[in-house]
Amino acid sequence: IIRFIPSCILFAGILLSKSVFAGEWPLSQFLSLDPVITFETGSTALPGISGLGLSGGDATFAYSGEAIGSQFFGNLSTAGGYTYLDISFNQPQQAVGAYIVDDSPYVGGVMEVVYDQSNNVLESESQSYSYYGGPPIFLGIGEASTNIYKVEWRYTGGSGFFGVDNVIYQPEIGRAHV
């Protein structure tokens, strides 16, 4: 079930109409002005971005066609098993999405989970891979209110390596785009 709330954006003196969906968001629901995180650092170090924290992985180097660029935010194998990937925001977001990278034949898909400031689950959506080694698949979640403080990506259908690339996030509509 997708819920929507009509809203308007004032940008450069032009009033733009945009429906705000709660639930799974396609890439087309995001705005071209929304921030995008790439992981092209040239090393396994994650990019340092003011106002957010990245945990559970590193800037993994990609095989040809596996990711959008030459690197992605990839999970790690630890003594406790494979990690999930997290991004925490200092300011609330309305939506977060990313291209899901299939880096293991054992992972069947990825679940994206978004949390509020008290670490309560707001929504979750899952996406299965069509086949191992296929191109990245976009998965996004948006809320009718600006309340996302953390996003987590979890592997499904078996444990193993996976990642996210070109993470896009949307601050409150109207606030960051004016």
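Fair warning: this is a prediction, and the values are worked out from it, not measured in the lab.

**Side note on the overall build of the chain**
Counting its regular elements, the chain contains zero helices and 15 strands. Expressed as a percentage of the 178 residues in the chain, the buried residues total 47%. In the chain, the proportion of contacts linking residues at least 24 apart, taken out of those at least 6 apart, comes to 68%. For the chain, the accessible area works out to roughly 8500 Å², and carbon and sulfur atoms hold 53% of it.

**What about the pairing of strand 11 (residues 109–115)?**
Taking burial as the measure, the seven residues of strand 11 include six buried ones, the bulk of the element. Across seven bridges, strand 11 lies against strand 12 (residues 121–128) in antiparallel orientation. Paired with V113 across the strands is S124, a residue of strand 12. Turn length for the strand 11-strand 12 hairpin, with the two strands adjacent in sequence and antiparallel, is five residues, and the turn residue N119 shows positive phi of about 70 degrees. The sheet contact formed by strand 11 and strand 14 (residues 148–156) spans seven bridges and is antiparallel. Within the sheet, the bridge partner assigned to V113 lies in strand 14 and is E152.

**Remarks on the nonpolar core**
Counting 26 residues, the largest nonpolar core has I87, V96, W153, V164 and V167 as the members making the most contacts within it. Taken together, the elements giving at least two residues each to this core come down to strand 4 (52–55), strand 9 (85–93), strand 10 (95–102), strand 11, strand 13 (137–142), strand 14 and strand 15 (162–170). W25, F30, A95 and I168 belong to the second-largest nonpolar core, a separate cluster that totals six residues.

**Focus: the sheet that holds strand 14**
Backbone hydrogen bonds are what pair the strands of a sheet, in a parallel or an antiparallel way. Read from one edge to the other, the open sheet built from five strands follows the order 4-9-14-11-12, with strand pairing classed as antiparallel. Whereas interior strands pair on both sides, the edge strands pair on one side only; in this sheet they are strand 4 and strand 12. Pairs of neighbouring strands in the sheet enclose a mean axial angle of 15 degrees, with direction left out of account.

**A closer look at the pattern of salt bridges**
Across all of its chains, the model carries one salt bridge by this definition. For R154, the salt bridge identified is with E152, shortest N-O distance 2.7 Å.

**Observations concerning the confidence of the model for the chain**
Mean pLDDT over the chain works out to 85, with 85% of the residues at or above the 70 mark. Confidence drops under pLDDT 50 across residues 1–18; counting only partners more than four residues distant or on other chains, this segment forms 45 contacts.

**Things to note about the environment of L33**
Following the sequence through the fold, L33 ends up in the loop between strand 2 (14–24) and strand 3 (36–37). Linking L33 and I168, residues 135 residues apart in sequence, is a C-alpha distance of 10.0 Å.

**Looking at the packing of aromatic side chains**
If you walk through the whole model with that rule in mind, you get eight aromatic pairs. When the centroid spacing of 5.3 Å and the interplanar angle of 20 degrees are considered together, the rings of F39 and F73 count as stacked. Remark: F73 occurs in strand 6 (residues 71–75) and F39 occurs in the loop between strand 3 and strand 4; sequence separation between them is 34 residues. Given the relative accessible area of 0%, F39 is considered buried. Measuring from ring centre to ring centre gives 5.0 Å for Y82 and F161, while their planes differ by 85 degrees; the resulting arrangement is edge-to-face. Of the two residues, Y82 is situated in strand 8 (residues 81–82) and F161 in the loop between strand 14 and strand 15; the sequence distance between them amounts to 79 residues.

Analysis parameters
Residues numbered from 1 in each chain as written. Predicted model: local features only at pLDDT ≥ 70, side-chain atom pairs only at ≥ 80, totals over all residues. Heavy atoms only, no water. Helix = DSSP H or I, 4+ residues; strand = E, 2+ residues; numbered from the N terminus. Buried < 20%, exposed > 50% of the residue type's maximum accessible area, 1.4 Å probe, protein only. Contact = heavy atoms within 4.5 Å. Areas by Shrake-Rupley, 256 points an atom, 1.4 Å probe, with all protein chains shown as cover. Pairing = 2+ DSSP bridges. Core = buried A, V, L, I, M, F, W, Y, C linked by side-chain atoms within 4.5 Å. Axes fitted to C-alpha atoms, helices over the stretch in contact; angles between N-to-C directions. Salt bridge = Lys/Arg side-chain N within 4 Å of Asp/Glu carboxyl O. pLDDT = per-residue confidence, 0-100. Phe/Tyr/Trp six-rings, centres within 6.5 Å; stacked < 30°, edge-to-face > 60°.

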